[in-house]
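Structural characterization, general
Here is how the chains run, residue by residue.
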There are 2 protein chains.
Amino acid sequence: MFIPPLAPVYRHKGSTLAHDCAAATSRLAAAPDGFARRRRATPRAPLRMRHKHHGHREHTVLEVRAPSKTYPILFYEKTCMNDVAAFAPFIKGRAVLIVTNDTVATFYLERLRHTLDNCPGVDSVEVFVMPDGEEYKNMRTLNAILDMCAQARLDRQCALVALGGGVVGDVTGFAASVYLRGVPFIQVPTTLLAMVDSAVGGKTAVNHPMGKNLIGTFYQPEAVIADMSTLNTLDDRQLSAGIAEVIKYGLIRDATFLEWCEANVPRLMARDPAALRYAAEQSCRYKADVVAADERENGLRAILNLGHTFGHAIEAGTGYGSWLHGEAVATGMAMAAEMSRRLGHLTEADVRRVEAVLTEANLPVRPPPSMTLETFLAYMASDKKVVRGKIRLVLLERLGQAVVTADYDRQVLVDTIEYYRKLYDALPRDYERRLAHLRLPTEGERDAAVAREEASSE
Amino acid sequence: MFIPPLAPVYRHKGSTLAHDCAAATSRLAAAPDGFARRRRATPRAPLRMRHKHHGHREHTVLEVRAPSKTYPILFYEKTCMNDVAAFAPFIKGRAVLIVTNDTVATFYLERLRHTLDNCPGVDSVEVFVMPDGEEYKNMRTLNAILDMCAQARLDRQCALVALGGGVVGDVTGFAASVYLRGVPFIQVPTTLLAMVDSAVGGKTAVNHPMGKNLIGTFYQPEAVIADMSTLNTLDDRQLSAGIAEVIKYGLIRDATFLEWCEANVPRLMARDPAALRYAAEQSCRYKADVVAADERENGLRAILNLGHTFGHAIEAGTGYGSWLHGEAVATGMAMAAEMSRRLGHLTEADVRRVEAVLTEANLPVRPPPSMTLETFLAYMASDKKVVRGKIRLVLLERLGQAVVTADYDRQVLVDTIEYYRKLYDALPRDYERRLAHLRLPTEGERDAAVAREEASSE
Ligand SMILES: NC(=O)c1ccc[n+]([C@@H]2O[C@H](COP(=O)([O-])OP(=O)(O)OC[C@H]3O[C@@H](n4cnc5c(N)ncnc54)[C@H](O)[C@@H]3O)[C@@H](O)[C@H]2O)c1
Ligand SMILES: NC(=O)c1ccc[n+]([C@@H]2O[C@H](COP(=O)([O-])OP(=O)(O)OC[C@H]3O[C@@H](n4cnc5c(N)ncnc54)[C@H](O)[C@@H]3O)[C@@H](O)[C@H]2O)c1
């Protein structure tokens, strides 16, 4: 197995000037850890990075240029929940509506409410608390949020603030996009997944009994304010699920970033704020990059779905809920790597690296033994990515470079799926042990999260 | 009273070539009736007009350039409901969902369904029939349409077709904009108001108990297909309400078009298809023009609200439902003209012309005597157009040119409203007689509409 040299993460600390894209990139290139970032020649750079001090809270800023608007993603290592200066620039109206869920509310609502209340010009801060859970990301919750907007007589001089993970972000963004045909909204993501994935790209959605994310809009926030310290209360499984998406960007876009992940997964797992900030920022950069490129280059965006077709089959095949999406994607990425090896793109060592970095992040790399070949193929074929009967897959041409294709020998797909069955048959105990942690967090784990939060907010 | 010379409408009949904007405009300038159209110097012409024969059905085409897409509005004088060639170019998918209401369905649904069924590549045509009425333009109907889309498992290769007036158009456009984050949709407006107003501009909406059109999106159709013959079944009051909007464009944009209206209201009332087509086309042109200019020139779009602030007060003050929106707007326009005269912009003769053309179209030009000064001012102040305590109004600088302003002597507004009170006090019987027709259509009128339709579709 290939183990890269353990390298320190490049720290942005101490920087005080605003930098443009080129300057930021050259700073990165000169980073002491040698993780030089290649620059990509894009006709219109979608991103610009600035480093800022304001008050005493240091943060970095990534500017995302969407077709309809340019907005910043701000990354704070230390909590900004008490920091009026962090929010005030993006609150232009008199009325604010915070949307959150009952889990996140217990940790952060009062502080954020107080902070927003103190933003200049703000007269009223209303709160909408939804129940925790993907099953509440639906039209009913959307309606209830819209009712609250209307009853509070919000006009366009308002702001909706989404405080929570991807569920809260998706439904709040949807509400903001349709209330008065669009009012300002701000994302305050509190899961790693929301920080690295749902915050960027402008997709909003709710689920429908007939399918996930079936209804929604494209709508950009005024700003995304990512406070790394909120991840202290996130349970380990959710954190790992977010790390799966971080590793994904390394696999599809940048082998150097993959190396960084290999070296730094332990720091991410330990919630080292600097490592989390760097991972989140790089991930947002890759996603924004791919999304922006897709305006021209139709289909590139699909590479963001590495591991998703296999993963979707696992989520559906296990009845949803027992595997987190990020866990299913992790296994899906391992399977895509294995299939890529069988097609001659990756080496055995490459596949072991993929499995190792995911395993290090406490993520599964084997499908559940209950998944038969038939189940896999049936669910994969029902996925949206089927083109003229062929399942379109994201595969790896090499580590750091993905390719989307429906042009492969179908037998290789069958062999890949059956390979795991053989692994199971050979060593069933060992195989099952690897998947044993796929259960919901215990009370004890929740308590530990609360303790961590209390320590961090002192 | 000024009566302009009766002039024939300029006919597009017989033209077979596609024309660009300049050519179309010069043709209009050379029109035999002398209604030369001034060209406006816009940096980016939002419209292009083509004249087309296809099959045996003649129609004209106006191309609307919205920021997100360019789409055509097609104007048919003779019915196109049986004409596959009219619809097929805009149906790219395999599945079609027609949304309509139970009134319009009785007249046009079966023919349209059959026609869409015969479009090449179409496998299935589903139908959603909503109850007739503004009160069904709500989130519940939106949800029901989305449920139908999901249950029919529509993918992006589909088309939603809105067959009806502004209510059906608004809610269907909203559904199309959020299902799968946007699927193709086609407007088939069947009221004059929908043809001249809601079809252009890309606004979709539903109402909320707290306010009209509170929730919606901006979304453009693939095409608008306006079949003048459908207006044969529309009742007279609804037709007149649409004519109010047509006259509005003359008042705010083009004195020459106003003259055309003065000469041709009887033909519009008699449902002369050529006159209707010309009026609809010119109206769409003006609206698209104003909407496109607003991208640059912030606020111009507000001139489209001529008569709306007074009208809104009348609709609200009379409890909605007894006055149609277009009727309230007509009276509002007469009031705005009267106020413009008092401010020294219009002559007495100008005001009489405005009243005459509206009266000719069977539209009211006097507020109901139940409306007191206090009621007016209270409802006008609650309108969205209040800027720092001053009611922003659309007034007329001269016939054919509107101006939006909150900078006028408030006493003139008070005097204007009180003027009608004095008129009433002087001749109450005469005043009331003018408003007597503001009642719902009788059974007999509905039957007459059916008879007209049967005659026209032979
Ligand atoms: N819009 C997009 O482009 C996009 C992209 C990816 C995923 N998504 C959507 O995002 C959703 C998944 O997002 P998610 O993984 O953030 O799920 P989530 O929002 O359900 O959050 C996961 C769990 O963590 C809890 N939580 C959140 N923040 C916490 C904190 N700081 N401390 C303690 N607990 C916390 C939540 O209450 C929840 O129980 C899905 O609905 C998915 O469809 C959207
Ligand atoms: N989107 C926009 O920009 C915009 C602009 C203006 C108005 N609107 C909206 O449009 C709606 C008003 O539109 P409308 O005036 O068309 O009302 P409508 O859709 O309610 O139609 C009026 C009546 O005519 C009936 N009808 C429609 N076509 C008919 C036909 N061919 N024969 C017989 N009966 C027919 C309808 O069933 C209804 O009873 C309002 O909800 C308003 O908010 C939207």
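It should be emphasised that the depicted structure is a prediction, and the values quoted were computed from it without experimental measurement. (Residues numbered from 1 in each chain as written. Chains lettered and ligands numbered in written order. Predicted model: local features only at pLDDT ≥ 70, side-chain atom pairs only at ≥ 80, totals over all residues. Heavy atoms only, no water.)

**Considerations on the packing of helix α4 (residues 139-151) of chain A against helix α4 (residues 139-151) of chain B**
The interhelical angle for the contact between α4(A) and α4(B), taken along N-to-C directions, is 160 degrees, at an axis separation of 12 Å. One way to sum up the angle between α4(A) and α4(B) is to call them roughly antiparallel. The handedness of the crossing between α4(A) and α4(B) comes out as right-handed. Along its contact with α4(A), which presents Met139(A), Leu142(A), Asn143(A) and Leu146(A), the element α4(B) presents Met139(B), Leu142(B), Asn143(B) and Leu146(B). (Axes fitted to C-alpha atoms, helices over the stretch in contact; angles between N-to-C directions. Helix = DSSP H or I, 4+ residues; strand = E, 2+ residues; numbered from the N terminus. Parallel < 35°, antiparallel > 145°, perpendicular 65-115°, else oblique. Left-handed = near helix turned anticlockwise from the far one by under 90°. Contact = heavy atoms within 4.5 Å.)

**Things to note about the site of ligand 2**
All names here are of chain B. Around ligand 2 there are 25 residues in total, and Glu-134, Gly-166, Thr-190, Thr-191 and Thr-233 lie nearest to it. Contact between ligand 2 and Glu-134: an oxygen atom at 2.7 Å from a side-chain N or O atom of the residue. A distance of 3.5 Å separates a nitrogen atom of ligand 2 from a polar atom in the backbone of Leu-234. Coverage of ligand 2 by the protein chains reaches 87% of its 860 Å² of free accessible surface. Looking at which element gives the most residues to the shell around ligand 2, the answer is helix α3 (residues 102-117), with four residues. (Near = heavy atom within 4 Å. Polar contact = N/O pair within 3.5 Å; in protein donor to acceptor, adjacent residues only side chain to side chain. Areas by Shrake-Rupley, 256 points an atom, 1.4 Å probe, with all protein chains shown as cover.)

**Side note on the site of ligand 1**
Residues and elements named next belong to chain A. If you check the shell around ligand 1, you find 25 residues, and the closest are Glu-134, Gly-166, Thr-190, Thr-191 and Thr-233. Residue Glu-134 places a side-chain N or O atom 2.7 Å away from an oxygen atom belonging to ligand 1. Measuring from an oxygen atom of ligand 1, one finds a side-chain N or O atom of Lys-137 at 2.8 Å. Sorting the residues of the shell around ligand 1 by element identifies α3 (102-117), α5 (166-178), α6 (192-198) and β9 (211-218) as the ones contributing at least two each. Here the element with the most residues in the shell around ligand 1 is α3; it accounts for four residues.

**A short note on the relation of the copies chain B and chain A**
One copy of the chain maps onto the other through a rotation about an axis followed by a shift along the same axis. In the superposition of chain B on chain A (RMSD 0.0 Å, axial shift 0.0 Å), the rotation amounts to 180 degrees. Such a combination of rotation and displacement between the chain copies is what one expects of a two-fold axis. Taken as a fraction of all interface residues of chain B, those also at the interface in chain A reach 100%, which identifies the copy contact as same-surface. (Least-squares fit on C-alpha atoms with pLDDT ≥ 70 in both.)

**Some details on the pattern of salt bridges**
Under the definition given, this model contains 44 salt bridges over all chains. A salt bridge links Glu262(A) to Arg353(A), with the shortest nitrogen-to-oxygen separation between them at 2.8 Å. Here Glu262(A), found in helix α8 (residues 255-269), pairs with Arg353(A), found in helix α12 (residues 348-360); they are 91 residues apart in sequence, far enough to count as distant. Glu262(A) sits in the buried class, given a relative accessible area of 15%. Asp272(B) is the partner of Arg267(B) in a salt bridge, and the nearest nitrogen-oxygen pair spans 3.0 Å. Classification of Arg267(B) as partly exposed rests on a relative accessible area of 23%. Note on Asp272(B): relative accessible area 22%, which makes it partly exposed. Several salt bridges converge on common partners, so that one network encompasses Glu77(A), Arg277(A), Glu281(A) and Arg285(A). (Salt bridge = Lys/Arg side-chain N within 4 Å of Asp/Glu carboxyl O. Buried < 20%, exposed > 50% of the residue type's maximum accessible area, 1.4 Å probe, protein only.)

**Side note on the state of the cysteines**
All names here are of chain A. Per the stated rule, a full pass over the model turns up zero disulfides over all chains. This cysteine, Cys-80, is not joined by any disulfide, and Cys-119 carries the nearest cysteine sulfur, 11 Å off. Accessibility expressed as a relative area gives 0% for Cys-80, which makes it buried. (Disulfide = S-S within 2.5 Å.)

**Considerations on the packing of helix α8 (residues 255-269) of chain B against helix α12 (residues 348-360) of chain B**
Axis angle and axis distance: for two packed helices, these are the angle between their axes and the distance between the axes, and together they describe the pair. Residues and elements named next belong to chain B. Close contact between α8 and α12 brings their axes to 9 Å; oriented N to C, the two are set at 15 degrees. Relative to α12, α8 is oriented roughly parallel. Note on packing geometry: the crossing formed by α8 with α12 is left-handed. Residue-level contacts link Leu-258, Glu-259, Cys-261, Glu-262, Val-265, Pro-266 and Met-269 of α8 to Arg-353, Val-357 and Glu-360 of α12. Considering only residue class, the contact of α8 with α12 consists of six nonpolar, no polar and four charged. (Nonpolar A, V, L, I, M, F, W, Y, C, P; charged D, E, K, R; others polar.)

**Side note on the packing of aromatic side chains**
Under the counting rule described, the total for this entry stands at 20 aromatic pairs over all chains. The interplanar angle of 85 degrees and the centroid separation of 5.5 Å between the aromatic rings of Tyr424(A) and Tyr431(A) together place this pair among those described as edge-to-face. Between Phe257(B) and Tyr286(B) the ring centres are 5.4 Å apart and the planes differ by 50 degrees, which places this aromatic pair in the tilted class. Linking Phe257(B) in helix α8 with Tyr286(B) in helix α9 (residues 273-296), this pair joins segments that are 29 residues apart in sequence. The exposure classification of Phe257(B) matches that of Tyr286(B), with both residues buried. Members of the aromatic cluster, each reached through a chain of ring pairs, are Tyr249(A), Phe257(A), Trp260(A), Tyr278(A) and Tyr286(A). Over the aromatic face of Phe218(B) sits the side chain of Arg181(A), whose NZ or CZ is 5.9 Å from the ring centroid. It is Lys390(B) that lies over the ring of Tyr408(B); its NZ or CZ is 5.2 Å from the centre. (Phe/Tyr/Trp six-rings, centres within 6.5 Å; stacked < 30°, edge-to-face > 60°. Lys NZ or Arg CZ within 6 Å of the ring centre and 35° of its normal.)

**Observations regarding unusual backbone geometry**
Note: most residues except glycine have negative phi, and most peptide bonds are trans. All names here are of chain A. Its identity as a non-glycine residue notwithstanding, Leu-180 has a phi of 50 degrees, on the positive side. Mapped onto the elements, Leu-180 comes out in the loop between α5 and β7 (185-189). Under the relative-accessibility criterion, Leu-180 is labelled buried at 14%. The phi dihedral of Asn-213 falls on the positive side, at around 50 degrees, and the residue is not glycine. Inspection of the secondary structure puts Asn-213 in strand β9. Assessed through its relative accessible area of 25%, Asn-213 is described here as partly exposed.

**Concerning the side chain of Thr115(B)**
In this structure, Thr115(B) sits in helix α3. With a relative accessible area of 2%, Thr115(B) lands in the buried category.

**Structural notes on the interface of chain B and chain A**
Residue-level contacts link 25 residues of chain B with 25 residues of chain A. When chain B packs against chain A, close to 2100 Å² is buried across both sides, 62% of that on carbon and sulfur atoms. When the buried surface of chain B facing chain A is broken down by residue, Arg181(B), Met210(B) and Leu214(B) rank first, second and third, together holding 32% of it. Scanning the region where chain B abuts chain A turns up zero salt bridges. In this assembly, chain B and chain A are joined by eight residue pairs in polar contact (both at pLDDT 80 or more). Elements with a contribution of two residues or more to the side of chain B that touches chain A: α4, α5 (166-178) and β9 (211-215) of chain B. Looking at side-chain class alone, the side of chain B that touches chain A contains 13 nonpolar, eight polar and four charged residues. (Buried area = accessible area lost by both parts, 1.4 Å probe.)

**Digging into the pairing of strand β14 (residues 401-405) of chain B**
All names here are of chain B. Pairing between strand β13 (residues 393-398) and β14: five bridges, direction antiparallel. Bridging from a neighbouring strand, Leu-396 pairs with Ala-402 of β14. Here β13 hands over to β14 after two residues, with Gly-400 in that stretch at a positive phi of 100 degrees. (Pairing = 2+ DSSP bridges.)

**Quick notes on the environment of Pro428(A)**
Turning to its location among the elements, Pro428(A) is positioned in helix α15 (residues 428-434). It is 8.7 Å that separates the C-alpha atoms of Pro428(A) and Pro369(A), two residues lying 59 residues apart in sequence.

**Concerning the UniProt feature "domain: 3-dehydroquinate synthase N-terminal" (unreviewed entry) in chain A**
Those residues carrying the UniProt feature "domain: 3-dehydroquinate synthase N-terminal" (unreviewed entry) are residues 128-240 of chain A in this numbering. As a span, residues 128-240 of chain A carries 34% helix and 30% strand, and end to end its C-alpha atoms are 28 Å apart. (UniProt positions renumbered as here; feature names shortened; annotations may be inferred.)

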